[in-house]
Amino acid sequence: MKLADVIDIRHGFAFRGEFFSDSPTGFILATPGNFAIGGGFRSGKAKYYNGPVPDEYCLSEGDIIVTMTDLSKDADTLGYSASVPASANTFLHNQRIGKIVPKGNINLRFIYWLMRTSAYRDEILASYTGSTVKHTSPSRILSFQFDCPSLEDQGRIASILDILDNKIDLNCRTNETLEAMARALFQDWFVGFGPTRAKMAGQAAYLAPEIWKLFPDRLDDEEKPEGWTVEPVDNVASFLNGLALQKYPAGEGAFLPAIKIAQLRSESTHSADRVSVGIPCEYVVEEGDILFSWSGSLLCKFWNGERGALNQHLFKVTSGRFPDWFIFEWIQHYMPDFQAIAESKATTMGHIQRHHLTESLVTIPSSCVMKQADLIIGSHIRKIKENHKESRNLSELRDLLLPRLMSGEIRIRDAGKMVEDAL
């Protein structure tokens, strides 16, 4: 069949720019930025709308949408599908975003997954127009031909792939909660000195007795808990700047993907440049390393991708004295200051300098408090890493099964067993 036999693609509405807003309004414009590389919905900075909204251009949870415009060099998201998530806000069907509308007896979740296959993707890439801004159209998308299984098998195929995606989504939401819990404890214990201030104010203990007693009873003359010390962040950790990596010619043997700001942002080495494996070992990035982009977007993350090479404009942050979560949280604490510094630069790419790290002070607790914090805050961070690893493995399984299920290369029953074993 052709996609045109079973679906139509409805164009979005040209919402007026004068009503765009950065403040919450209850309406969010769906944009190409909401499409992840490889397909699927990605949350980002919301673009709110406070003007009149035609009812027919309000999207609902579960609606399938497709992006028909892409600004990236490799058209990373062009033509891919996404499913509108549950949200307290209403997503709006914006222009250059198509909405999939069924015409016949078809499982829309099956179509959603079909539009994430490499066969479909190859056809989109072979027919787009434009160079800087790349475009596709409903007619190009709808001309894609595919082998259509029975309606029952469509549902079974979609269900298998949905199970994997739902678990990945659950891990993501769990990590958001764990990150918030870790951040709140860190801010209270090591930035706001909540337990010590509460003791000084005669307030009731809000931590377990064995933890509460570990915190000092008062602040010293420097307004930090007695017995605790202060050091610059670049004294408690090393910040290794990456290399100006050169592309490695294709067909030259083993290589490493270059990890640049774009890869850190997407947490993927998709479309990364290939570079030589013969770089000094300290510039090799491994899973779990802390990476901090000191220019441009100023991101700080635990690397969750494959082994790669550290490019310039990224720091690899290590410490032989303190747990990685402790260093990571301090960098996160100073990120608003670093971003303000970068934004004040009269250059195309704002950045911070080494002296800004020296000026950023870290409060170091007693060893007994640090040990307890590692049991609580550290356990949250370690669970986050475990969830990331599981999600990456499930993503690889999903990407392995997707084309084989669509082509009939693997039996649906066998694929279901693989998913069951993975979970």
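Predicted, not measured: the structure shown is a model, and the values here were computed from it.

(A) A look at the sheet that holds strand β19 (residues 314-318). Spatial strand order, β12-β19-β16-β17: 4 strands in an open sheet with antiparallel pairing. Each edge of the sheet is formed by a strand with only one pairing partner; in this case those strands are β12 (238-241) and β17 (300-302). On average, each strand axis in the sheet is tilted by 30° relative to the strand beside it, whichever way the strands run. Note: β12 against β19, 4 bridges, orientation antiparallel. Each bridged residue has a counterpart across the sheet, and for Phe239 the counterpart in β19 is Val317. Relative to the sheet, helix α10 (residues 324-343) contacts β12, β16 (290-293), β17 and β19, its axis offset from that of β17 by approximately 160°.

(B) Quick peek at the pairing of strand β13 (residues 256-259). With 2 bridges connecting them, β13 and strand β14 (residues 274-275) associate as antiparallel partners. Residue Pro257 lies in a different strand from β14, and its bridge partner there is Arg274. Pairing between β13 and strand β18 (residues 308-310): 2 bridges, direction parallel. Bridging across to β18, Ala258 finds its partner in Ala309.

(C) The arrangement of the environment of His313 in detail. Tracing the backbone shows His313 in the loop between β18 and β19. His313 gets classed as partly exposed once you look at its relative accessible area, which sits at 26%. The sequence separation of His313 and Thr69 amounts to 244 residues, and the corresponding C-alpha distance is 29 Å.

(D) Representation of the environment of Trp228. Turning to its location among the elements, Trp228 is positioned in the loop between α7 (209-212) and β11 (229-232). Take Trp228: its relative accessible area is 3%, and that puts it in the buried class. For the pair Trp228 and Ile364, spaced 136 residues apart in sequence, the C-alpha separation works out to 5.7 Å. Discounting chain neighbours no more than four positions away, the residues touching Trp228 are Trp189, Phe190, Phe193, Phe215, Pro216, Thr363, Ile364, Pro365, Ser366 and Val369.

(E) Up close: unusual backbone geometry. Phi angles above zero are rare outside glycine, and Arg96 is one such case at about 70°. Within the element layout of this structure, Arg96 appears in the loop between β8 (90-92) and β9 (97-102). Residue classification places Arg96 among the partly exposed positions, given a relative accessible area of 28%. Look at Phe193: it is not a glycine, yet its phi comes out positive at around 55°. You can see Phe193 is positioned in the loop between α5 (151-191) and α6 (194-200).

What counts and what doesn't
Residues numbered from 1 in each chain as written. Predicted model: local features only at pLDDT ≥ 70, side-chain atom pairs only at ≥ 80, totals over all residues. Heavy atoms only, no water. Pairing = 2+ DSSP bridges. Helix = DSSP H or I, 4+ residues; strand = E, 2+ residues; numbered from the N terminus. Axes fitted to C-alpha atoms, helices over the stretch in contact; angles between N-to-C directions. Contact = heavy atoms within 4.5 Å. Buried < 20%, exposed > 50% of the residue type's maximum accessible area, 1.4 Å probe, protein only.

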